[in-house]
Amino acid sequence: MGAQVPLWLDMEDATYVDRTLDLYRRLLLRAGPRVGICLQAYLHRTPMDLEEVLAAAGRIRLVKGAYRASAAHALQDRAAVDGAFLVLPERLAREPLTEPGLRHVLGTHDLGLLERLGLGPAGNSPPESGPLSVQMLYGIQEDAWDALVRRDIPFRVLISYGAHWYPWFMRRLAERTSNLRFVLGRK
Ligand SMILES: Cc1cc2nc3c(=O)[nH]c(=O)nc-3n(C[C@H](O)[C@H](O)[C@H](O)COP(=O)(O)OP(=O)(O)OC[C@H]3O[C@@H](n4cnc5c(N)ncnc54)[C@H](O)[C@@H]3O)c2cc1C
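These numbers were taken from a predicted model, which means no experiment stands behind them.

## What to know about the overall build of the chain
For step 1, the next point in the chain: Per the secondary structure count, the chain includes 7 helices and 6 strands.
For step 2, the next point in the chain: Going from the N terminus to the C terminus, the chain shows its helices and strands as β-α-β-α-β-α-β-α-β-α-β-α-α.
For step 3, the next point in the chain: Per-residue burial over the chain gives 43% buried out of 187 residues.
For step 4, the next point in the chain: Within the chain, residue pairs in contact and separated by at least 24 positions form 64% of the contacts whose partners lie at least 6 positions apart.
For step 5, the next point in the chain: By element, 55% of the accessible surface of the chain is carried by carbon and sulfur atoms, the whole surface being about 10,700 Å².

Quick look at the structure:
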């Protein structure tokens, strides 16, 4: 793996978390924090997983979580998930990555939450992004992208490409059928 190429491991449903974290630990030892791991705020276990990854100097992309999960594994209430998503970034911000240019990531299209975290498009003040950056998926909340860049918020858009774009797309479609516009043609 080229040392300069960032690589993110996505997180699938709750049954995959242990093995994905095992793989991540091995990759982290070999490649350092240019390899990052997605953690899902809705899982009860995530605060502990987050501490473990931070202790190993890993890089985290925090998302709300896309898959259906039982109450045994995950918060069921939208407000509770949003609450978890508000708290965990503060922990990430206190643990910046030491490698220049690398930041932990908030993967969300929730502009309200981003505003509350000081990383939204509406703020006039200089951003307080510090060690955090923002990522969104291609085609979602596009109207906010320019404003995020104008505020100098470190921001990336993820686009699906390559041989496995189709299963990736089907998972996004399962999250929300409005994603159908990705293939049917956009506004
Ligand atoms: C960069 C990135 C990587 C991700 N990787 C993973 C992963 O590895 N594992 C995983 O479980 N989940 C992943 N997700 C998905 C994530 O868990 C959420 O399911 C998804 O981002 C929707 O939650 P939200 O934070 O955008 O907030 P929400 O409250 O769901 O959405 C906020 C607003 O954004 C808009 N919006 C959000 N999602 C969509 C959509 N799909 N289509 C159209 N409009 C939308 C709507 O206007 C909505 O009101 C990823 C998300 C991003 C941005």
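Moving on, there is more to tell.
## Let's talk about the sheet that holds strand S1 (residues 7–9)
For step 1, the next point in the chain: Taken together, 6 strands build an open sheet; the order of strands is S1-S2-S3-S4-S5-S6 and the sheet is parallel. The two strands at the open ends of the sheet, each matched to only one other strand, are S1 and strand S6 (155–158). Strand-to-strand, the axes of this sheet are offset by a mean angle of 25°, without reference to chain direction.
For step 2, the next point in the chain: When S1 meets strand S2 (residues 35–40), the two strands line up parallel, connected through 3 bridges. Along S2, the bridge assignment pairs Trp8 with Gly36.
For step 3, the next point in the chain: Along the sheet face, helix H1 (residues 17–31) touches S1, S2 and strand S3 (59–63) and points at about 155° away from the line of S2.

## Focus on the nonpolar core
For step 1, the next point in the chain: By size, the foremost hydrophobic cluster in this structure holds 40 residues, and its most contacted members are Ile37, Ile60, Leu92 and Leu106.
For step 2, the next point in the chain: Broken down by secondary-structure element, the contributors of at least two residues to this core are H1, S2, helix H2 (46–55), S3, helix H3 (78–93), helix H4 (111–116), strand S5 (132–137) and helix H5 (142–150).
For step 3, the next point in the chain: By residue number, the principal contributor to this core is H3, which donates 6 residues.
For step 4, the next point in the chain: Leave out the neighbours within four places in its chain, and Leu106 touches Leu62, Phe85, Pro89, Leu92, Leu114, Leu117, Leu119, Leu132, Ser133, Val134 and Gln135.

## Some points on unusual backbone geometry
For step 1, the next point in the chain: Residue Ala57 is not a glycine yet carries a positive backbone phi of 60°.
For step 2, the next point in the chain: As for its placement among the helices and strands, Ala57 is situated in the loop between H2 and S3.
For step 3, the next point in the chain: In this structure, Asp152 takes a positive phi of about 65° despite not being glycine.
For step 4, the next point in the chain: Structurally, the position occupied by Asp152 is in the loop between H5 and S6.
For step 5, the next point in the chain: The exposure class assigned to Asp152 is exposed, which follows from its relative accessible area of 63%.

## With respect to the site of the ligand
For step 1, the next point in the chain: Neighbouring the ligand are 25 residues; Met11, Gln40, Gly65, Arg78 and Thr108 lie closest to it.
For step 2, the next point in the chain: Within the side chain of Thr108, a nitrogen or oxygen atom sits 2.6 Å from an oxygen atom of the ligand.
For step 3, the next point in the chain: Between the ligand and the protein, one listed contact pairs an oxygen atom with a side-chain N or O atom of His109 at 2.8 Å.
For step 4, the next point in the chain: Looking at the shell around the ligand, the elements that each hand over two or more residues are S2, S3 and S5.
For step 5, the next point in the chain: Residue composition of the shell around the ligand, grouped by class: 9 nonpolar, 9 polar and 7 charged.

## So, the packing of H2 against H3
For step 1, the next point in the chain: Contact pair H2 / H3: the axes reach a minimum separation of 11 Å and the direction vectors enclose 15°. As judged from the angle between their axes, H2 and H3 are roughly parallel. Where H2 crosses over H3, the two elements pack in a sense that is right-handed. Here Thr46, Pro47, Leu50, Glu51 and Leu54 of H2 lie close against H3, whose contacting residues are Leu88, Arg91 and Leu92.
For step 2, the next point in the chain: Classifying every residue of the contact of H2 with H3 by side-chain character gives 5 nonpolar, 1 polar and 2 charged.

What counts, and at which threshold
Residues numbered from 1 in each chain as written. Predicted model: local features only at pLDDT ≥ 70, side-chain atom pairs only at ≥ 80, totals over all residues. Heavy atoms only, no water. Helix = DSSP H or I, 4+ residues; strand = E, 2+ residues; numbered from the N terminus. Buried < 20%, exposed > 50% of the residue type's maximum accessible area, 1.4 Å probe, protein only. Contact = heavy atoms within 4.5 Å. Areas by Shrake-Rupley, 256 points an atom, 1.4 Å probe, with all protein chains shown as cover. Pairing = 2+ DSSP bridges. Axes fitted to C-alpha atoms, helices over the stretch in contact; angles between N-to-C directions. Core = buried A, V, L, I, M, F, W, Y, C linked by side-chain atoms within 4.5 Å. Near = heavy atom within 4 Å. Polar contact = N/O pair within 3.5 Å; in protein donor to acceptor, adjacent residues only side chain to side chain. Nonpolar A, V, L, I, M, F, W, Y, C, P; charged D, E, K, R; others polar. Parallel < 35°, antiparallel > 145°, perpendicular 65-115°, else oblique. Left-handed = near helix turned anticlockwise from the far one by under 90°.

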